[in-house]
Amino acid sequence: MKWLAKIPENLRNNPFKRTFIALLKSFFVVLLPFWVFSGTTKHFANVSTEDYRKSEQQYLIGLLSEISGNSEPERYFGKEFKALADIPFPSEVFNKRLEQILTDYPDALSVSLYDTGGAAIALPFLPVLSKVVSQRYLECVKDPSLTSKYERFLIRFSGYAGAHRILGAYPNSVVSIGTAHDNHWGGWFQLKDESGTKTGEFIVFIGKKGVSGEKLVEKAIMKARLVHGKNYRFAWQNPVSPDELMPPGHGFPKDAIDTVKTMPYGENVFSYKNQCGGKIFSEDGAAIIGLRSYPIEVDTVYSMISLLLTVTALISFILLIPVFLGITSFVPGLKLKMSALIIFGVNLPLALLLITGVADREEREKILVNNYEQQNILELNRIDEGVDMILEI
């Protein structure tokens, strides 16, 4: 490159024309490739960010579903009593833990404790039950063939004639035993000592009236906060009081609460200041809400590529403008000519083809999804019409 000591004569004679031609050349040589490659980078950055947003939303909905599941009495008490059964028995630790559980739910739980021979064990904090009735019930749980023999004890002890069969079929877990009586759930658990030798067992019944759905939701949320509280915020919302989120210390800004309140019916995800949010309903109708603590940001790789493209384009523009104006001269070598041929003859068309192809694919996907949703709606309408006809008959 050779710098000239003075401005060329043709530039002095026709400054506007030569400047326009120089800018036009710069557009095709520098700006057009920059816009194409920058647009391609931005498109893929947006696609990558949106995919990451969707994956985060799905993960958050999964966490909320887990919280909702953990707030269901069957699963919640199943974990509680499974953990209790894992404590060596007899031991002071076991007694304290059992007493604590009974204290937390005084009107919901009924526990009968037995030794290895099936004899009822009395503890100071356990209610006094008929030893004969409870022991006969345990015998029926272990051997359902005794049902007819001790039938008079079954309903008296559990409220159901067949609950013992369910308990016996699913040991060491809390299961649903019916809804006709206040006792909706029950479980039969084996107890062992530190060496793993069986040392006893217990039967628990859980009453519906004594179980607070709100209390279970709060406990499930507090456990989720301990595990995921660094990256997510959790709270629950009573449909009767939508302006208030619980439990205290949830960390939701008021604007985020307003966003949740304005969510369309049927939607379970929302966005607040580029942070992913989600909402699902528990079995009791409480809305469980989650919000990502940090906003979704563009991958740094795409930011670095965009910066590199911008710097390259700026330097190229500064260096080539004097050449296009005729102030300096520059004779490209074979390698530079081949690189330019590849950029303008191959890369640019491929980039344009890629952008249009991706845009066409996304549009086709939207059309297919919309058609699929419309088909589902029509199918549901036909099902509803069929149900209505059956009910009319």
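Computed from a predicted model, the values in this text were never measured in an experiment.

Caption draft 1: Representation of the packing of aromatic side chains. Per the counting criterion, the structure on display carries 14 aromatic pairs. Ring geometry for F77 versus Y105: centroids 5.1 Å apart, planes at 75 degrees, classification edge-to-face. Taken together, the residues F77 in helix 3 (residues 73-85) and Y105 in the loop between helix 4 (92-104) and strand 2 (109-114) connect sequence positions 28 residues apart. Of the two residues, F77 and Y105, neither departs from the other in class, the shared state being buried.

Caption draft 2: Region of the structure containing the sheet that holds strand 3 (residues 120-121). Reading across from one edge, 3-2-6-5-4 is the order of the five strands in this open sheet, with antiparallel pairing throughout. With partners counted over all chains shown, the strands left at the sheet margins are strand 3 and strand 4 (174-176), one partner each. Two strands pair when backbone bridges link them, and strand 2 and strand 6 (residues 198-207) are joined in this way by six bridges, in the antiparallel orientation. Bridging across to strand 6, Y114 finds its partner in E201. Against the sheet, helix 4 makes contact with strand 2 and strand 5 (183-192), and its axis sits at roughly 160 degrees relative to strand 2, the strand it touches most.

Caption draft 3: Representation of the environment of L146 in the model. By the element assignment, L146 lies in the loop between helix 5 (131-142) and helix 6 (151-158). Classification of L146 as partly exposed rests on a relative accessible area of 22%. Not counting chain neighbours up to four residues away, the residues in contact with L146 comprise E139 and C140.

Caption draft 4: Region of the structure containing the sheet that holds strand 7 (residues 232-238). Ordered in space as 8-7-11-10-9, the five strands form an open sheet in which the pairing is antiparallel. In this open sheet, the two edge strands, each paired with only one partner strand, are strand 8 (241-246) and strand 9 (269-272). Here the average twist between neighbouring strands, direction ignored, is 30 degrees. Pairing of strand 10 (residues 275-281) with strand 11 (residues 287-292) involves five bridges; the strand directions are antiparallel.

Conventions we followed
- Residues numbered from 1 in each chain as written.
- Predicted model: local features only at pLDDT ≥ 70, side-chain atom pairs only at ≥ 80, totals over all residues.
- Heavy atoms only, no water.
- Phe/Tyr/Trp six-rings, centres within 6.5 Å; stacked < 30°, edge-to-face > 60°.
- Helix = DSSP H or I, 4+ residues; strand = E, 2+ residues; numbered from the N terminus.
- Buried < 20%, exposed > 50% of the residue type's maximum accessible area, 1.4 Å probe, protein only.
- Pairing = 2+ DSSP bridges.
- Contact = heavy atoms within 4.5 Å.
- Axes fitted to C-alpha atoms, helices over the stretch in contact; angles between N-to-C directions.

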